[in-house]
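# Examining the three-dimensional arrangement
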Amino acid sequence: MASPLPTVPRPLPRRLGAYLRHGRVLLALKAAIAAGIAWWVALLVPGVASSYPYYAPLGALVCMYPTVAGSARTGLQTLIGLGAGILLAFPVILLGNPTSLTVGLVVGLGVLLAGLPRLGAGRDWIPMAALFVLLLGGDHANTYSLGYSIQMLVGVAVGLAVNALVFPPLHLNGVIQSLEELRSALALQLSDMGAALEERWPPEHEEWASRQDRLRRLGRDARSAVQLADTSRRGNLRRYRNGRDLEADYHALRSLERITFYVEDITEVLSGAIWRSETAAPLPAALGVPLAEASRLTSEAIGAWDPEASAQATAEDSVESLIRQVHASAVNERIDAAATFGMGLRRILLTIRLDSVPAR
């Protein structure tokens with residue numbers, strides 16, 4: 001037996017490049033750079049803020065986010081929460097030196113204010129900043145609060161600048177992959193149901209009947225990926241070098257979500273007709289082959305995702321032929337399940353037909 005060919009490793013620079021492009025690694029690298037720069041800048045800040053340089057790296061860290069827009073939002077929310085906490089502490093300071101009562105009071109009020117809507121990341125900083133000012137500010141609460149605020153502002157500014165200038169991610173690859181995964185899963189589901197209709201009744205292969213949860217999860221993942229890509233473009237200088245049309249992705253996503261609904265409905269109808277209510281909603285035996293063929297051809301149309309492709313036209317002809325046969329069978333047999341199945345396939349093909357921008 002011939003020995004297997006040895007695996008040729010990728011060159012070290014390419015491996016390092018792929019590793020550094022990983023989202024979490026890149027974020028950690030940028031956080032480290034931002035914290036280091038923030039500390040260097042903090043040591044140069046004059047006045048009372050020079051006594052509190054350690055808050056600058058903290059500010060840089062708290063605003064580090066996978067997207068530029070997220071960094072800006074988190075940084076602003078943090079500064080708002082910080083300011084609210086500082087203002088909260090001053091009336092309590094007037095009561096005298098910190099005691100168990102005043103510490104508990106400032107924390108309780110801070111947590112209460114943190115429940116205000118739209119504070120986001122800033123909500124956690126209200127009780128924290130109030131507690132810092134109360135316990136660490138002491139007799140110099142004014143200067144401490146000013147220095148604390150300035151250095152946090154310095155850190156947030158540095159963190160935002162680093163995140164915006166050092167390889168800001170666009171998260172576009174996730175859109176391509178997630179839409180393709182959802183489309184492939186929908187095509188596979190219809191293909192497997194078509195195969196089940198041609199098997200001995202009841203079908204031996206039934207894994208397709210329990211895939212609704214997976215289809216829903218893939219749909220949620222696809223929407224999250226498109227929304228993340230959309231958010232990552234805001235304030236991102238790299239967006240001008242990338243011509244991807246996210247409006248087309250949103251359009252394709254909405255079409256796939258509609259098709260997911262139709263496929264789930266068809267799956268429920270078929271599994272019910274086979275295992276749960278065969279007598280209440282039967283599938284006429286004469287329609288088994290037309291149903292299987294229409295399902296398989298619709299699967300191919302989803303895979304092609306092109307209204308002008310031959311797969312689309314062939315699937316439409318097959319579904320219309322199926323619906324005619326269903327209507328013809330209505331004279332002698334119950335056609336509830338078969339009619340629902342056929343109308344679901346027709347809606348799927350209509351969605352593709354009306355979708356002028358193919359999923360990419």
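Residues numbered from 1 in each chain as written. Predicted model: local features only at pLDDT ≥ 70, side-chain atom pairs only at ≥ 80, totals over all residues. Heavy atoms only, no water.

### Thoughts on the confidence of the model for the protein
Considering every residue of the protein, the mean pLDDT works out to 82; 83% of them sit at 70 or more. Across the protein, helix H3 (residues 55–62) holds the top mean pLDDT of 92, while helix H1 (residues 12–20) sits lowest at 49. In the model, residues 15–20 has pLDDT below 50 throughout and makes five contacts with residues more than four positions away in sequence or in other chains. (pLDDT = per-residue confidence, 0-100. Helix = DSSP H or I, 4+ residues; strand = E, 2+ residues; numbered from the N terminus. Contact = heavy atoms within 4.5 Å.)

### So, the environment of Asp230
For Asp230, the position within the fold is in helix H9 (residues 212–233). Overall, Asp230 belongs to the buried group, its relative accessible area being 19%. Linking Asp230 and Val175, residues 55 residues apart in sequence, is a C-alpha distance of 9.8 Å. (Buried < 20%, exposed > 50% of the residue type's maximum accessible area, 1.4 Å probe, protein only.)

### Thoughts on the packing of aromatic side chains
Scanning the entire structure with this criterion turns up eight aromatic pairs. Centre to centre, the rings of Tyr55 and Tyr144 are 6.1 Å apart; their planes meet at 80°, and the pair counts as edge-to-face. Placement of the pair is Tyr55 in helix H3 and Tyr144 in helix H7 (residues 141–165), with a sequence separation of 89 residues. Each of the two residues, Tyr55 as well as Tyr144, counts as buried. Centroid distance Phe261 to Tyr262: 5.9 Å. Interplanar angle 65°. Geometry classified as edge-to-face. The class for Phe261 is exposed, based on a relative accessible area of 53%. Ring pairing ties together the aromatic residues Tyr52, Tyr54, Tyr55, Phe132, Tyr144 and Tyr148, which thus form one cluster. (Phe/Tyr/Trp six-rings, centres within 6.5 Å; stacked < 30°, edge-to-face > 60°.)

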